[in-house]
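# Analysis of the macromolecular model
One letter stands for each residue in the lines below.
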Amino acid sequence: MEEKIVSLKQQGFTLKQIAAELDVPIGKVQYAWRKWRNQHQESEDVIPVKQKSDKKKEKTSVTASHKQVASAKESVDVKASPLLEKGPEGYWQLPDRYNVDFLHAVVQSPNSVYVCWEVSDLVKKTLELQFMRRWEELPKAFRILDVTLLDYASGHTNRSYTFDLPEMTNSWFVRPLDPNTTYVFEFGIRTMEGEFLPIAASTPLDTPRAEPAGVGRFAEPVRRWQYGEVDSPELLDTLPKYAAYRFVR
């Protein structure tokens, strides 16, 4: 698998294209490519100074020495900046990871959300010490929380789903989801007792409506508030008091 990934990468394929070509998760491709590149890093660090076929052999050894020193210094300066790493496609590549903790969710459709995440080395080391197991051996899991009309910080949810993830996974297309619903996504591990321990969470995200405006889950709470059937808005947890409510009643 690693030889195939390296071969496709050297042919100019991007990591995303390789994952689609081999039908494997993008995280597995990134891990294999990073591992191969680290193994060859030492040999790449020693950049031989190209000896020009100097036709003017009469140049003094002092001048040649100065050129070699300048060339070697220039090579070291180029390798010192990770932003100058040039990919085989001919454009500058972004780093594979940033060594920070985050989880981002992007809406794809009323029923689908794309989620990607990253866990820093510090958090991985802390969990390895706590559970006495390597990070790769800890079972990974993903949780979907429906917090529609609720305050996520209060810890209350309408419903939740938790499922296990394969190793070396850092992104997922979450589907099917309900339209016009507020979700929070969490990535974490399972403890020895099988409980879910969240590591990174997204901010609350609303999926779009799948029906015309004015018809949906919020229509009935709005009607009750509009006609005075309830004393206070039922959406108080998620909408500020100065919202459009004051113009409805």
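How each quantity is defined
Residues numbered from 1 in each chain as written. Predicted model: local features only at pLDDT ≥ 70, side-chain atom pairs only at ≥ 80, totals over all residues. Heavy atoms only, no water. Helix = DSSP H or I, 4+ residues; strand = E, 2+ residues; numbered from the N terminus. Buried < 20%, exposed > 50% of the residue type's maximum accessible area, 1.4 Å probe, protein only. Contact = heavy atoms within 4.5 Å. Phe/Tyr/Trp six-rings, centres within 6.5 Å; stacked < 30°, edge-to-face > 60°. Lys NZ or Arg CZ within 6 Å of the ring centre and 35° of its normal. Expected span 1.5 Å × (residues − 1). pLDDT = per-residue confidence, 0-100. Pairing = 2+ DSSP bridges. Axes fitted to C-alpha atoms, helices over the stretch in contact; angles between N-to-C directions. Polar contact = N/O pair within 3.5 Å; in protein donor to acceptor, adjacent residues only side chain to side chain. Core = buried A, V, L, I, M, F, W, Y, C linked by side-chain atoms within 4.5 Å.

Helices and strands together make up the secondary structure of the protein, namely eight helices and eight strands. Counting across all 249 residues of the protein, residues that qualify as buried make up 27%. Taking as baseline every contact in the protein between residues at least 6 positions apart, the subset at least 24 positions apart corresponds to 56%.

What follows concerns the packing of aromatic side chains. Taken as a whole and judged by the stated rule, the model has eight aromatic pairs. When the ring of Trp 33 is compared with that of Trp 36, the centres are 5.4 Å apart and the planes differ by 15°; the resulting orientation is stacked. Taken together, the positions of Trp 33 and Trp 36, both in helix H3 (residues 26–39) and three residues apart, correspond to about one turn of that helix. Take Trp 33: its relative accessible area is 9%, and that puts it in the buried class. Summarising the aromatic geometry, the rings of Trp 117 and Phe 187 are spaced 4.9 Å apart at their centres and angled 20° between planes, so their arrangement reads as stacked. With Trp 117 in strand S2 (residues 112–118) and Phe 187 in strand S6 (residues 182–190), this residue pair connects regions lying 70 residues apart in the sequence. We classify Trp 117 as buried; its relative accessible area is 5%. It is Lys 9 that lies over the ring of Trp 33; its NZ or CZ is 5.5 Å from the centre.

With 14 residues, H3 ought to run about 20 Å at 1.5 Å a step, and its terminal C-alpha atoms sit 20 Å apart, in line with that. By the burial criterion, the buried members of H3 are Gly 27, Val 29, Gln 30, Ala 32, Trp 33, Trp 36 and Arg 37.

Before going further, it helps to examine the confidence of the model for the protein. When the pLDDT values of the protein are averaged, the result is 78; 71% of them are 70 or greater. Predicted confidence for residues 245–249 stays below pLDDT 50, and this span has 11 contacts to residues more than four positions away or in other chains.

What follows is about the sheet that holds S2. Taken in spatial order, the three strands line up as S1-S2-S5 in an open sheet, and their pairing is antiparallel. The two strands at the open ends of the sheet, each matched to only one other strand, are strand S1 (102–109) and strand S5 (171–174). Sheet twist, expressed as the mean angle between neighbouring strand axes with direction ignored, is 20°. The pairing of S1 with S2 spans seven bridges and is antiparallel. Residue pairing across strands places Leu 103 opposite Trp 117, the latter belonging to S2.

Glancing now at the pairing of S2. Counting buried residues in S2 gives five out of seven residues, a clear majority hidden from the surface. Hairpin connection from S1 to S2: two residues lie between these consecutive antiparallel strands. Pairing of S2 with S5, which is carried by four bridges, proceeds in the antiparallel orientation. Considered in S5, the bridge of Val 115 is made with Trp 172.

Residues Arg 175 and Pro 176 are joined by a peptide bond in cis, for which omega reads 0°. Along the polypeptide, Pro 176 turns up in the loop between S5 and S6.

Moving on: the side chain of Thr 207. Along the chain, Thr 207 turns up in the loop between strand S8 (205–206) and helix H7 (219–226). The class of Thr 207 is buried, set by a relative accessible area of 3%. For Thr 207, the side chain forms a polar contact with the main-chain nitrogen of Asn 180, separated by 3.1 Å. When residues no more than four places from it in sequence are discounted, the contact partners of Thr 207 are Pro 110, Val 113, Asp 178, Pro 179, Asn 180, Thr 181 and Tyr 183.

The next subject is the nonpolar core. Counting 21 residues, the largest nonpolar core has Leu 103, Val 115, Phe 142, Phe 185 and Phe 187 as the members making the most contacts within it. Broken down by secondary-structure element, the contributors of at least two residues to this core are S1, S2, helix H6 (121–131), strand S3 (140–146) and S6. A per-element tally of this core places S6 first, with four residues. Discounting chain neighbours no more than four positions away, the residues touching Phe 142 are Leu 103, Val 115, Trp 117, Tyr 161, Thr 162, Phe 163, Leu 165, Val 174, Phe 185, Glu 186, Phe 187 and Phe 196.

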